Amino acid sequence: MRTMLVVLALVVLSLWALPIDLSAVSSWQGLSKSFGRLSDYFAVFAPDLSSEMLSRCGVLAIDTVAVALLGTAIGLLLAYPLAVGACRAIMLADGGPCSGWARWSARIVLEASRLLLDALRGVPDFMWAVLLASITGLSPVTGVLAIAISVAGIFGKVLSEQWDNVANESYVSLRSTGASRLQVFLYGVQPLGARTMMSFILMRTECAIRNASVIGVVGGGGLGVGLWDEYTDGNWPGVATVLLTLLAVTASADLAANFVRRRLRIDPNHPSSTRALDRKATARRRSQILGGVAVVLLGCLWWLREPMGTALDELSRIEWSFVKPYTLGLFQPTLSAATWLTVLRESVVPLAIGVLATVGGALLAALLVYPASIAFQIDSSRFTGERVSPLTRGARIATVMLARAIALVMRGIPEVGWLVVLIVFFGSGVTPCIIAIVLHTAGVLHRVFTESLDDVPYQRLERIGAGRFSTYAYGALPSAWANWRTYVFFQFEVNMRIGVALGVVGAGGLGLYFKNNLAWREHGNAAAFLWGMILLTVAVDRLSRYLQLKRNRC
Amino acid sequence: MNIKISTMRVALATAVLAVVSTLSSCGDIKANANTSGNGATQPDMLRFSVIPDWNKGKLAIDAKKLATMLSEKLGVEVRYSPSNDYTACVNGLIANKLDFVWLGGKTTCDAIDASKGSVHVLATRDIDLHFKSYFIGNADAVASGKVTTTTDLSAWQGKTADLRFTFGDVNSTSGHLMPRHFLVQAGIDPDKDFKSAAGYAQGGHSGTLKSVASGSVDCGALNFAYYDKAPAEEKAKAPILFTTPDYVDYAWAVHDRVGKDLIAKLQKALLGLDRSNPDEAAILDSWSAGAFLAAKDEQWHAIREVRDSLPKGFLTK
């Protein structure tokens, strides 16, 4: 109840803080004008299907996937050493260095690694792209690096926390054999976390494919660039084609990841038959997967060989005397009180956007959960005892598919994609940004909401002994609630960053100030707004730790 | 276990090989593109970019035509490299990622200043010496008397409180710097006196025109040359309210590292574009230029003064 009141208060505050313009929908006249604009521009959504446009979209789609996969892979490689450095169990374990000097230096490495991970994570990935773009240019390389850096930050933290959480007893026997700290890590600690990590890596890869499209808008290459170019050129058939391509790519990634995740997950209601433990088969399967991943990554390298060559060539010629003041400038924020007051004031914009979009998205997702739930639409006879005619059963299966398809489309189109459509409808400003994030959030939350609902064991629902909907409302919902709340809070963190990102492309706030100051070469001011973003992310991160929420989503 | 390790090793070895071969092929590209030095050796490739101030799709086509023409005339490969925004053009020129760039008035001064004098004006258009901005208004807003045509912006004082106004790109001379300058001179603070603080349209000057024509905003300011070339039906939806006094705007800027000889050749090629040749006339037309003219850095000094004297509150407030 108290949580509800707090959320309600936050929503009211956010509505009050943002200049929300509803003139597009507040009157019939406004509405008809808005719809007129939308149908004018999209000519009832007729995509440009010329072979030229299609082949361009195909190339951009492969770019996007290659950027996301390579970025994630490089990020993982960077994350491992950083995570080892940030892991207390490894750096400061018993049996580790005991002399004062060695222990101190281990502690310094530990703290430095943690700080570095915070900084890598604190700056959102698209912001890395903005920063890197001045050196690597409008190129997929910018996208790869931006994703690699943020993935390294996130993985490094998650890995080190996970290793720290591996109970000491589980590898104490290994230590007793006299294994070195590195050996204990390699054979004792690391394998225990491997299974959950697989699932997490998969999820991050999928996120990277989505984020790659947003990063494209600020210079990272791929479909994002295509989308933004077509949009700023006012070429609506082109926008439609890029959006559909984007949807095809993200939806395929989504479904593929879902498929693999289902095999990794242990579903209490649909237990998979236990496979006999066959060491040879496991080893073979593992090597097949590794080989497949290696081939795919090599393919990505090959696909991006040209932009990578150009980037290397440019880097070799770059005049570092220019890069030095530019980069150093961003570490020296202005100390002007007026600027920092603006930083503080403008931090409210992404925060408020985050609150409204997350609450709105969560409500929309919650509405769609019941019709999409396998437990309540398809398996309900297993706990309510009702008899379902084949016709009803068919209708319910159709409901599930429809609800899931809606959610798939909502999350398949990234926030920027929704934004360009909504700007036509609402005009530019904060309103279309919020609604764009609401739609995407609803799709993302819908998946995890439904999953955690369907994970409630049917035996527990059986005990309630009520009809379908009552069982949902009084049995399943309360069980899934804690999970839902955690997911919603993470989504808030993500949405706040997206709020900053959309600021760069028109919503205002920290992002826009940062970009404008870079444009006017006021690097001290730009630095202040950049640090504002980092501090904001760190503050929300610390809040989530304080509320003891575990991080497991993107 | 053995199987696993050996396959992993094979995979790892392949990966290392692939990375090495990719890197070495990148090395080849680098070797082909002879480094330019300080003009001692003539570079065998020139890279240029253009600020994305109108339609990026059309810009890419026009720029590639120019690249082909210049390559033929100079006997050096000239490559067009697209830029995401104005800032990237300036930074690219200074950082040795670009050799010459088509810049706006403000960004020309930015490039000269930030390069500590290593960047110079190479050429400009006939129209740039007498450039202006238009303030345009949504046709419905004009009809209802919400915005008015004027010859003196100070007539708008006190009448802007429920107007939504948009500039173009924050780095644009004709879409932001000069319109802001003239508003401030007329006693109007664009960040306070409009309904919501003045915005910055996406998509260059065509974005401004579209926003005003569609009624997303009530009025805006843009480059007169682009407006004059826009389709008549779009202009009818966004008539001109005010025309600013003249100022100096766009220029081709080049970095000294290209070397004196090649700079002279490049300038000659640009100034020599001939209207009687249909291909060259097409290039001039896509640049809205009658001809390219030689010009001196000092001619942009007035723009620098406007840039430096403009109240900078909009960056931090």
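Residues numbered from 1 in each chain as written. Chains lettered and ligands numbered in written order. Predicted model: local features only at pLDDT ≥ 70, side-chain atom pairs only at ≥ 80, totals over all residues. Heavy atoms only, no water.

Which parts of the structure should I look at to understand the side chain of Thr-334 of chain A?
Counting through the fold element by element, Thr-334 of chain A comes out in the loop between helix H15 (320-329) and helix H16 (337-372). Setting aside its immediate chain neighbours within four residues, Thr-334 of chain A contacts Thr-339, Trp-340, Gly-524, Asn-525 and Ala-528 of chain A. (Helix = DSSP H or I, 4+ residues; strand = E, 2+ residues; numbered from the N terminus. Contact = heavy atoms within 4.5 Å.)

Whenever I open this one, the nonpolar core confuses me. Can you help?
Side chains of a nonpolar character, in soluble globular proteins, are inclined to be buried together. Ranked by size, the top nonpolar core spans 120 residues in total, and within it Leu-18, Phe-126, Met-127, Trp-128, Ile-434, Leu-502 and Phe-514 of chain A carry the most contacts. For this core, the leading source of residues is helix H3 (residues 51-86) of chain A, giving 14 residues. Excluding residues within four positions of it along the chain, Met-127 of chain A makes contact with Val-500, Val-504, Gly-511, Phe-514, Leu-530 and Met-533 of chain A. Core analysis: the next-biggest nonpolar cluster, separate from the first, contains 101 residues, Phe-322 of chain A together with Ile-51, Phe-182 and Leu-310 of chain B among them. (Core = buried A, V, L, I, M, F, W, Y, C linked by side-chain atoms within 4.5 Å. Buried < 20%, exposed > 50% of the residue type's maximum accessible area, 1.4 Å probe, protein only.)

Is there a simple way to explain unusual backbone geometry in this structure?
Most peptide bonds adopt trans geometry, and most residues besides glycine take a negative phi value. The backbone of Lys-116 of chain B shows a phi angle near 55°, a positive value even though the residue is not glycine. Within the fold, Lys-116 of chain B resides in the loop between helix H4 (105-114) and strand E4 (119-125).

I would appreciate a short explanation of the domain arrangement of chain B in the present structure.
Frequently, the measure chosen for interface size is the accessible area removed from exposure when the parts meet. All names here are of chain B. Along its sequence, chain B is organised into domain 1 (45-128 + 248-316) and domain 2 (132-243). One C-alpha centre belongs to domain 1, the other to domain 2; they are set 26 Å apart. Contact with domain 1, which involves 21 residues of that partner, is made by 23 residues of domain 2. In this assembly, domain 1 packs against domain 2 so that about 1,900 Å² is buried in total across both faces, 64% of it on carbon and sulfur atoms. Looking only at domain 1, the three residues that lose the most surface to domain 2 are Trp-54, Tyr-86 and Phe-314, adding up to 36% of its buried area. Between domain 1 and domain 2 we count 0 salt bridges in total. Linking domain 1 with domain 2 are 9 residue pairs in polar contact (both at pLDDT 80 or more), by the criterion used here. Breaking the side of domain 1 that touches domain 2 down by element, the ones donating at least two residues are helix H3 (86-94), H4, helix H11 (278-286) and helix H12 (301-309). (Domains from an automatic or database assignment. Buried area = accessible area lost by both parts, 1.4 Å probe. Salt bridge = Lys/Arg side-chain N within 4 Å of Asp/Glu carboxyl O. Polar contact = N/O pair within 3.5 Å; in protein donor to acceptor, adjacent residues only side chain to side chain.)

Would you explain the packing of aromatic side chains in this entry?
Remark: the centre distance and the inter-plane angle together describe each pair of aromatic rings, the angle taken between the planes. Per the counting criterion, the structure on display carries 35 aromatic pairs over all chains. Their ring planes at 0° and their centres at 4.1 Å tell us that Phe-449 of chain A and Trp-484 of chain A sit as a pair that is stacked. Of this pair, Phe-449 of chain A sits in helix H21 (residues 430-454) while Trp-484 of chain A sits in helix H23 (residues 468-507); the two residues are 35 residues apart in sequence, bridging distant segments of the chain. By the burial criterion, Phe-449 of chain A is buried, and Trp-484 of chain A matches it. Taking 6.1 Å as the distance between ring centres and 80° as the angle between the ring planes, the aromatic pair formed by Tyr-134 of chain B and Phe-224 of chain B counts as edge-to-face. A residue pair is termed long-range when its members are at least 10 positions apart, and Tyr-134 of chain B in strand E5 (residues 133-137) and Phe-224 of chain B in helix H8 (residues 224-229) qualify at 90 residues. Judged on exposure class, the residue Tyr-134 of chain B and its partner Phe-224 of chain B are both buried. Seen from the ring of Trp-302 of chain A, Arg-305 of chain A lies directly overhead, with NZ or CZ sitting 4.4 Å from the centre. (Phe/Tyr/Trp six-rings, centres within 6.5 Å; stacked < 30°, edge-to-face > 60°. Lys NZ or Arg CZ within 6 Å of the ring centre and 35° of its normal.)

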